[in-house]
Protein chains: 2
Amino acid sequence: MEAAGTIRALSALAQEHRLAAFRLLVQAGPEGLAAGTLAEAVGAAPSAMSFHLAQLDHAGLVTQRREGRSIIYSANYPAMTGLLAYLTENCCAGDACGIDTPAACVSTEFA
Amino acid sequence: MEAAGTIRALSALAQEHRLAAFRLLVQAGPEGLAAGTLAEAVGAAPSAMSFHLAQLDHAGLVTQRREGRSIIYSANYPAMTGLLAYLTENCCAGDACGIDTPAACVSTEFA
DNA sequence: ATTATATCTCAATATTTATTGAAATATTGG
DNA sequence: CCAATATTTCAATAAATATTGAGATATAAT
C-alpha cells in the first residue's frame, strides 16, 4: 500500500462509528453484516452509516454485496494486512532491534 | 488500547506529514530524529511540524527528549503494537479462519 | 400494482482540522 | 551579556469532514 491509500484507510478508521463498524466486521468474518445491523450496533442514523460505510469502501477496507434488500459488508482482510505492514515497514532499519512489536511478522510475511 | 485512544492514534497518523514522520521514526529506532530533521525530511514548515509532532505525542505514538537545542522524537513501539492489536482483535470471532492476516500474531502475543 | 422494508444520495449546516507567519522560549557559543 | 540556532505557541484564515433530514432507488410480500 502506498502513502495516499494508507492515509485514506487511516482516515476512514479514525472515526468512532467507522472504527466500531470495522471492528465488528473484522470479528464477523467473511459472512459480514448488513448495513442496518451495523447502524443499530454502533448507534448511527441509517444515512450517516451509509456515508461512513462508503468511506470504508472507498478506502478499500470493506467489500459489499447485495442479499435480498440488505447490503452486506465484509472486512477486506488483505487491505487491513497491507495497512499494518505499511506502518511497521522496515522497523529499526531492519535490524534485529529486539523491540516488542509485531513488525517482523507483519512487514515481511504478509503484504 | 480503548476506542478513544485508538481514534486519537488513527487520526494522528491519517495525515501526510505525520504519517511520513512517524514512519521515519519507526525506521530510525530508539535513537529517534530531531524535529528539524523531520520537518525537512517531510517538507513541512517548522511550526507546522511542531503542531504535527504534538498531535503524535498527544496520541501517545511518540516520545520526546531534549538534546542540546534539539528536541528528539522517537516512535513509541508499544503504542504502535497496541494499535495494531486493537484493529485485529478477535478476528473472525477467534476461529482459525485461515485468513491471510497477522491477526493471530498481533492480537495475542503482543498487547 | 401497492405497500413496506432496506439502503442510498443529496444539499445545507455545523464542526473539526490544517496552514501560515509573527512572536516567544530555551540552549549554545563568543 | 549578545547573537545565533532550534523549536514552540498563538491567532487568523483556509480547508476538509460529519451530521441531519428529505427524498430517491431497489427489493420483497400481499
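Here is a short report on the structure shown in this document. Computed from a prediction, not measured in an experiment: that's the story for all the values here.

Notes on the packing of aromatic side chains
Thinking step 1. One pass over the full model with this rule turns up zero aromatic pairs over all chains.
Thinking step 2. Over the aromatic face of Tyr 86 of chain B sits the side chain of Arg 23 of chain A, whose NZ or CZ is 3.6 Å from the ring centroid.

What about the side chain of Thr 88 of chain B?
All names here are of chain B.
Thinking step 1. For Thr 88, the position within the fold is in helix α5 (residues 77-88).
Thinking step 2. Relative accessible area serves as the criterion here: at 0%, Thr 88 is assigned to the buried category.
Thinking step 3. Within the structure, the side chain of Thr 88 is placed 3.0 Å from the backbone oxygen of Leu 84, a separation counted as a polar contact.

Overview of the protein's contact with DNA strand C
Thinking step 1. Gly 36, Arg 69 and Tyr 73 of chain A together with Arg 18 and His 52 of chain B are the nearest of the 19 residues found near DNA strand C.
Thinking step 2. A breakdown of the atoms of DNA strand C within 4 Å of the protein gives sugar and phosphate a share of 77%.
Thinking step 3. Note that a phosphate oxygen of DNA strand C is positioned 2.7 Å from one of the side-chain N or O atoms of Arg 18 of chain B.
Thinking step 4. Contacts to DNA strand C include His 52 of chain B, whose side-chain N or O atom sits 2.7 Å from a phosphate oxygen.
Thinking step 5. If you tally residues by element for the surface near DNA strand C, the top one is helix α4 (residues 46-58) of chain B, at five residues.
Thinking step 6. Among the residues forming the surface near DNA strand C, the class breakdown is six nonpolar, nine polar and four charged.

Analysis parameters
Residues numbered from 1 in each chain as written. Chains lettered and ligands numbered in written order. Predicted model: local features only at pLDDT ≥ 70, side-chain atom pairs only at ≥ 80, totals over all residues. Heavy atoms only, no water. Phe/Tyr/Trp six-rings, centres within 6.5 Å; stacked < 30°, edge-to-face > 60°. Lys NZ or Arg CZ within 6 Å of the ring centre and 35° of its normal. Helix = DSSP H or I, 4+ residues; strand = E, 2+ residues; numbered from the N terminus. Buried < 20%, exposed > 50% of the residue type's maximum accessible area, 1.4 Å probe, protein only. Polar contact = N/O pair within 3.5 Å; in protein donor to acceptor, adjacent residues only side chain to side chain. Near = heavy atom within 4 Å. Nonpolar A, V, L, I, M, F, W, Y, C, P; charged D, E, K, R; others polar.

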